[in-house]
Amino acid sequence: MIQQERNLGEQAIDKVVEIAIASQLDESESLSVTVQTQPIQLAQGEVDSVTIEGEGLVMNQDLRVTELQIEVKDISVNPLSAMFGKIELNGPALGTARAVLTESDINRAFNSEYIGDKLRELKVNRDGQTVTIDVKTVECKLLSSGQIALDAEVLVRETASTEKIYFTAKPQIDAGGWAISLQDVEYPENKEFSPELTAALADKAGEVLNLRNFEIEGMSLRIQKLDVEAGLLTLQAEAKVEQFPS
């Protein structure tokens, strides 16, 4: 009887949080929330853990992550709210997060309207003059060397000329875990492009790769580790939860 009651209580909270998170997504292939607790703990305002697992999650800006897992442990909650299926935190809770993005996810982001708007009318200093750049296309490749390759075509408005840029760079955690930057730029074809133009493109690529694009309401993610292998980018982060979505 106690086991049955525990399961029913957990399942009720699972479903409430799951629905709240799903409401923030444009699309998801799968999404599950698992709450671990017991009735007596819940009555005392204690929850052992909450685990959120999703695949093929598409955020509001058409940004997609192939896999996302967030686990938060030792949570203090308002017991009265919890008994009615709502997790209301008494204070911030810490946990871990893991996100996996594929080349397809990243290229989808570059071609999204949200990121596309950021790649137009870029002001770049070139040979002592400011020119306006529109990035027409970007293709990203994740290499087994741990580098990211960017192949882009840009339009220089002042000259109406189209230029192609190809470079590789190493992604690094920046700003104490709040951002990703591309460092150690190399030009495999031994053709150096405008440093200012390359820097502008690398800066926008860092915005695309930033895990904060995939934060859920009430949660912030601080990147601790990143790993690039052929076709995949994996991010490990600290998750700080101020409040679960309602």
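Structural data are supplied above this passage.
Here is what the cut-offs are and how they apply
- Residues numbered from 1 in each chain as written.
- Predicted model: local features only at pLDDT ≥ 70, side-chain atom pairs only at ≥ 80, totals over all residues.
- Heavy atoms only, no water.
- Helix = DSSP H or I, 4+ residues; strand = E, 2+ residues; numbered from the N terminus.
- Contact = heavy atoms within 4.5 Å.
- Areas by Shrake-Rupley, 256 points an atom, 1.4 Å probe, with all protein chains shown as cover.
- Lys, Arg positive; Asp, Glu negative; His and termini not counted.
- Charge placed at Lys NZ, Arg CZ, Asp CG, Glu CD.
- Patch = residues over 30% accessible without salt bridge, like charges linked within 9 Å, V, L, I, M, F, W, Y side chains within 5 Å.
- Salt bridge = Lys/Arg side-chain N within 4 Å of Asp/Glu carboxyl O.
- Pairing = 2+ DSSP bridges.
- Axes fitted to C-alpha atoms, helices over the stretch in contact; angles between N-to-C directions.
- Buried < 20%, exposed > 50% of the residue type's maximum accessible area, 1.4 Å probe, protein only.

### Examining the overall build of the protein
Move 1: Looking only at helices and strands, the protein has six helices and 11 strands in total.
Move 2: Expressed as lengths along the three principal axes of its C-alpha atoms, the size of the protein is roughly 75 × 30 × 30 Å.
Move 3: In the protein, once contacts between residues fewer than 6 apart in sequence are set aside, the share between residues at least 24 apart is 55%.
Move 4: Looking at the protein as shown, the accessible area adds up to about 12,400 Å², and 45% of this sits on carbon and sulfur atoms.
Move 5: Charged side chains of the protein number 22 positive and 42 negative; the gap between the two group centres comes to 3 Å.

### Quick notes on a nonpolar patch on the surface
Move 1: Judged by side-chain polarity, Leu80, Met83 and Phe84 come together as a nonpolar surface patch covering roughly 400 Å² of accessible area.
Move 2: Looking at the secondary structure, you find Leu80 in helix H3 (residues 79–83).

### As for the sheet that holds strand S4 (residues 93–102)
Move 1: The six strands lie next to each other as S1-S2-S3-S4-S11-S10, forming an open sheet whose pairing is antiparallel. The two strands at the open ends of the sheet, each matched to only one other strand, are strand S1 (30–36) and strand S10 (219–229). For this sheet, the mean inter-axis angle between neighbouring strands, taken without regard to orientation, is 10°.
Move 2: Of the strand pairs in this sheet, strand S2 (residues 46–58) and strand S3 (residues 64–76) are connected by 11 bridges, and their pairing is antiparallel. Within S3, the residue paired with Val58 across the bridge is Arg64.
Move 3: Against the sheet, helix H4 (residues 103–110) engages S2, S3, S4 and strand S11 (232–241), with an angle of about 90° to S4.

### Things to note about the pattern of salt bridges
Move 1: Here the structure, examined in full by the defined rule, presents 10 salt bridges.
Move 2: Of the charged contacts in the structure, one is a salt bridge between Asp134 and Arg157, with a shortest N-O distance of 2.7 Å. Note that Asp134 is positioned in strand S6 (residues 129–142) and Arg157 in the loop between strand S7 (148–156) and strand S8 (161–174), a separation of 23 residues in sequence.
Move 3: Glu242 is paired through a salt bridge with Lys240; the nearest N and O atoms lie 3.6 Å apart.
Move 4: Using a relative accessible area of 43% as the deciding quantity, one classes Glu242 as partly exposed.
Move 5: Classification of Lys240 as partly exposed rests on a relative accessible area of 33%.
Move 6: Via salt bridges that share partners, Glu29, Arg64 and Asp105 belong to a single interconnected network.

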